[in-house]
Amino acid sequence: MKLLLLCAGGASTGVLVQKLLRYAESNNINLTVEAHSVSSVEELAGHFDIIMLGPQVSYKKDEVLNNANLPVGIISPMDYALGNAENIIKQVQGILKEGA
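In this text, all values refer to a predicted model and were calculated from it rather than measured experimentally.

Caption draft 1: Spotlight on the overall build of the protein chain. The helix and strand inventory of the protein chain stands at 5 helices and 4 strands. Each helix (α) and strand (β) of the protein chain, taken in turn from the N terminus, gives the series β-α-β-α-β-α-β-α-α. Along the first, second and third principal axes, the C-alpha atoms of the protein chain reach 35 × 30 × 20 Å. Partitioning the contacts of the protein chain with sequence separation of at least 6, the portion at a separation of at least 24 is 60%. Of the roughly 5,500 Å² of accessible surface on the protein chain, a fraction of 48% belongs to carbon and sulfur atoms.

Caption draft 2: Local environment of the sheet that holds strand E3 (residues 50-53). A sheet is described by the order of its strands in space; here 4 strands give the open sequence E2-E1-E3-E4, paired in parallel fashion. Looking at strand neighbours, the two that pair on one side only are strand E2 (32-37) and strand E4 (72-74), the edges of this open sheet. Going across the sheet, the axis of each strand differs from the next one's by a mean of 25°, ignoring polarity. Summarising the sheet, strand E1 (residues 2-7) and E3 pair through 4 bridges and their orientation is parallel. Bridge pairing in E3 links Leu5 to Met52. Along the sheet, helix H5 (residues 85-99) contacts E1, E3 and E4; its crossing angle with E3, the most-contacted strand, is approximately 135°.

Caption draft 3: Representation of H5 in the model. In a regular helix each residue adds 1.5 Å, so 15 residues correspond to 21 Å; H5 covers 21 Å between its end C-alpha atoms and thus fits that length. When we look at burial in H5, the residues that qualify are Ala85, Ile88, Ile89, Val92 and Ile95. With its buried residues spanning 125° around the axis, H5 presents them on a single face. Turned more than 90 degrees off the buried face of H5, the exposed positions are Lys97 and Glu98. Its buried side turned inward, H5 meets E1, helix H1 (14-26), E3, E4 and helix H4 (77-82).

Caption draft 4: Spotlight on the pattern of salt bridges. If you walk through the whole model with that rule in mind, you get 2 salt bridges. When the shortest N-O distance is used, the salt bridge between Lys90 and Glu86 registers 3.0 Å. Residue Lys90 and its partner Glu86 are located together in helix H5, separated by 4 residues, close to a single helical turn.

Conventions and cut-offs
Within any chain, residue numbers begin from 1 and follow the written order of that chain's sequence. pLDDT decides what is reported in this predicted model: residues at 70 or higher carry local features, side-chain atom pairs at 80 or more are listed and counted, and totals for whole chains, interfaces and linings draw on all residues regardless. Excluding hydrogens and water, the side-chain figures rest on all heavy atoms present in the structure. Numbering goes from the N terminus for both helices and strands, where a helix is a DSSP run of H or I of at least four residues and a strand is a run of E of at least two. Contacts are assigned to residue pairs with any non-hydrogen atoms lying within 4.5 Å of each other. All accessibility values rest on the Shrake-Rupley procedure with a 1.4 Å probe; residue burial counts only the protein chains present in the view. At least two DSSP bridges between two strands are needed for those strands to be called paired. Each axis is a line fitted through C-alpha atoms, taken for helices only over the stretch in contact, and angles between the N-to-C directions span 0 to 180 degrees. Given the number of residues in a helix, its expected span is that number minus one, multiplied by 1.5 Å. Burial classes follow relative accessibility: with a 1.4 Å probe on protein chains only, a residue under 20% of its type's maximum area counts as buried, one over 50% as exposed, and anything between as partly exposed. Along the arc lie the directions from the helix axis toward the C-beta atoms. Salt bridge criterion: a side-chain nitrogen from Lys or Arg within 4 Å of a carboxyl oxygen from Asp or Glu.

Listed below in structure tokens is the structure:
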């Protein structure tokens, strides 16, 4: 699964990327994940299976949907703040399953 995390600048999600990768590795989940600024969605979307937005850019969901032909979800503020990789991975898997 190829996950693109989008936030305001791309930096705040960097810690979350590491937590997601550690969780995926320890649970035998094939995961590629990158964090970038929401402004880079058009150039990056074609390389991913799903986009998850940080809560601080959740208001851009419609814009992201219009610029990327991918499923788009919003990470809950609590899971984002705590870096709850398990919940985020489950959310991503659920969204991908719905779209299948």
